[in-house]
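Structure assessment
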Amino acid sequence: MGTNKGTDAVDLAELKSLVEETGKSQLLEQSIEISKSRERVGGESWHGSLAVLPTPAKSKLGSPLKQVLASLGANLGTINSGMTFGFSAVTIPQLKEADSFIQITPDQAAWIASLPSVATPFGCFLSGFFLDTLGRKRTIILCLTPMIIGWYLVGSASGVYTIYAGRLLVGLGAGMVGSPVRVYTGEITQPHLRGMLAAVAAIGASAGVSIQYIVGTYFPWNFLAFVNGSIVTVAFISAFFLPESPQFLINKGHVEAARAALGRLRGLSSDVDMEVQYLIDHASKTDTSYNGDARKTHALRDILQPSILKPFFILAIYFFLYQFSGVNPLTFYTVEIIQESGTNMNTYTVTIILGLVRLGFTVVSCILMRRLGRRSMSFISSVGCGVTMIGLGSYMYMGEQWAAEGKEKSATWFPVLDLFVFITASTMGYLTVPWVMIGEFYPSKVRGIMGGLTTFVAHICIFLAVKTFPILQSFSKFGTFILYGSISLLATVFFYFFLPETQGRTLQEIEDYFSGRTKTLGPSRNSSTNNNHVKRSRKRSRNGT
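Residues numbered from 1 in each chain as written. Predicted model: local features only at pLDDT ≥ 70, side-chain atom pairs only at ≥ 80, totals over all residues. Heavy atoms only, no water.

Remarks on a nonpolar patch on the surface
On the surface, Ile 214, Tyr 218, Phe 219, Phe 223 and Leu 356 cluster together into a nonpolar patch covering about 500 Å² of accessible area. Within the secondary structure, Phe 223 sits in helix H9 (residues 221–239). (Patch = residues over 30% accessible without salt bridge, like charges linked within 9 Å, V, L, I, M, F, W, Y side chains within 5 Å. Areas by Shrake-Rupley, 256 points an atom, 1.4 Å probe, with all protein chains shown as cover. Salt bridge = Lys/Arg side-chain N within 4 Å of Asp/Glu carboxyl O. Helix = DSSP H or I, 4+ residues; strand = E, 2+ residues; numbered from the N terminus.)

Digging into the packing of aromatic side chains
Tallied over the full model, the rule gives 25 aromatic pairs. Aromatic pair Phe 320 and Phe 324: ring centres 4.9 Å apart, planes at 35 degrees, arrangement tilted. By relative accessible area, which is 40% here, Phe 320 ends up partly exposed. The rings of Tyr 318, Phe 319, Tyr 322, Tyr 430, Trp 435, Phe 494, Phe 495 and Phe 498 are connected pair by pair, giving a single aromatic cluster. In this structure, Lys 467 packs its charged tip against the face of Trp 111, placed 3.7 Å from the ring centre. (Phe/Tyr/Trp six-rings, centres within 6.5 Å; stacked < 30°, edge-to-face > 60°. Buried < 20%, exposed > 50% of the residue type's maximum accessible area, 1.4 Å probe, protein only. Lys NZ or Arg CZ within 6 Å of the ring centre and 35° of its normal.)

As for the nonpolar core
One finds Ile 104, Ile 112, Trp 221, Tyr 322, Tyr 430 and Phe 481 to be the most contacted residues of the largest nonpolar core, which totals 114 residues. Per element, the largest residue contribution to this core is eleven residues, and it comes from helix H17 (residues 347–404). Once residues within four sequence positions are removed from consideration, Tyr 322 is found in contact with Val 327, Asn 328, Tyr 430, Leu 431, Pro 434 and Trp 435. Grouped together as the second largest cluster of nonpolar side chains are twelve residues, Phe 248, Ala 261, Leu 279 and Ile 280 included. (Core = buried A, V, L, I, M, F, W, Y, C linked by side-chain atoms within 4.5 Å. Contact = heavy atoms within 4.5 Å.)

Remarks on the confidence of the model for the protein
When the pLDDT values of the protein are averaged, the result is 78; 80% of them are 70 or greater. Of the regions scoring below 50 in pLDDT, residues 21–55 engages in 54 contacts with residues more than four places distant in sequence or in other chains. Below pLDDT 50 for its whole length, residues 524–545 participates in 27 contacts with residues either more than four positions away or in separate chains. (pLDDT = per-residue confidence, 0-100.)

Some points on helix H20 (residues 447–475)
Compared with the 42 Å implied by 1.5 Å per residue over 29 residues, the 41 Å span of H20 between its first and last C-alpha is a close match. At Phe 469, H20 is deflected by roughly 35 degrees, the largest bend along its length, and proline Pro 470 occurs up to four residues later in sequence. (Expected span 1.5 Å × (residues − 1). Bend = angle between axes of the 7 residues up to and from the residue.)

What to know about the pattern of salt bridges
Oppositely charged side chains can pair when the atoms bearing their charge come close. Following the criterion strictly, the structure yields seven salt bridges and no others. In this structure, the salt-bridge partner of Glu 275 is Arg 266, at a minimum N-O distance of 2.8 Å. Since its relative accessible area comes to 1%, Arg 266 is described here as buried. One salt bridge in this structure joins Glu 440 and Arg 374, with 2.4 Å as the shortest N-O distance. Note that Glu 440 is positioned in the loop between helix H19 (433–438) and H20 and Arg 374 in helix H17, a separation of 66 residues in sequence. Relative accessible area serves as the criterion here: at 1%, Glu 440 is assigned to the buried category. Arg 374 sits in the buried class, given a relative accessible area of 0%. Linked through salt bridges whose partners overlap, the residues forming this network are Glu 256, Arg 259 and Asp 273.

Structure (structure tokens):
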């Protein structure tokens, strides 16, 4: 019995020693592999640290509050987009009044409405370049500067050409800020929050429109311009307190800075080290470390790849179809459209209510996007906007027939109800989904330039839709809206065949899909894909594969 006990004791000691040696060996192998990954992305040396290894006690998910606050701070500047769109709707009628100190012609009114959209595409190009050179945070700060100057120019204008100059600067800033805030939000948030928080930009735009409708109803247009400038100034100051995108920092090789940024975005209870390791592995796999002339050569080559062109054309066609569904022409010319619709209700009261409805349902759409997904919400918009635009056009046609026959208009409530349904439908998909996808569809190494190029195309479509609206109206008022409705219904077919569902997928999974590394995105999963990826990698490492 004594011998057996002694043997057991020796066996236990040897077993304990073996386990300890095995554990140390695995830790060393993981450390070496991670160090190699960091070297491939230009990162700093480890200095013998094993700090990136995961701590099981920490949470897989970061603090929602920190991610929400950072997203809100980044998206404050998007209020400018809505203010830019809605400003002309309340300003042009004021400038057309007989007692206005600046008198404008119908052609000048059209330029005041559409000029921001002329400058906006150039802003998109600039922001795409700055995103990959200056970084996400600095680009956001830079974008807000022309907006501030532009609004104060408009507010102090004594002639129409000063308004033109201010509107051009405001449009330039609106174009510059669109891509950075969406790319930034997409990169700092985790998959379960990304769809909802990436749609905050749409809430900002809707809030901007509502501010214009409410303040512009009770105050003169130049006072409204100063209010707009003050709001953008607050956004400018807030941007200085944002952390830089961890994905951008990893791509540049600044691993410790990325770890610190993730710490601010996730909180102390989150397993930041595991996420840093995942970002390093992905950056190494996709080769984001090239610089200088090599970077330019690689970037041009990458842009022309089918994996980049496919999502680009999907989004470009999406933006074209939704702009010519009547969304922004209605926003830019709300007051005039309501006046021409035939309703007996107070024009400005309807305008304010429409703005509030748009804001309210934009918030609802951000919440529902997490449940319904991108495709379903796009279908809601395409069908809803199509039916309501055709309905409005048909009512205006009947109005012309009643006027020709000398009859009183009936059901004057119909066009107002129709517009309410249209605004509701448009906010559920058109005003949120494609803008969210800008921050999702592209690989991290070209996300900046392709985000800028996509917003460039989007704002070219906005300019064409807004500028051609008066031309189409000159041919047929009711026919214009029927055309918009038909295009929106056509969009339903396009969404069905070509629009993928990205809800609940990581940016890396979406990139793998468009790059052909996976055949389908599949259904959404509630589990953390990042953690599963790391677990699979470690399992392969233990098995020696």
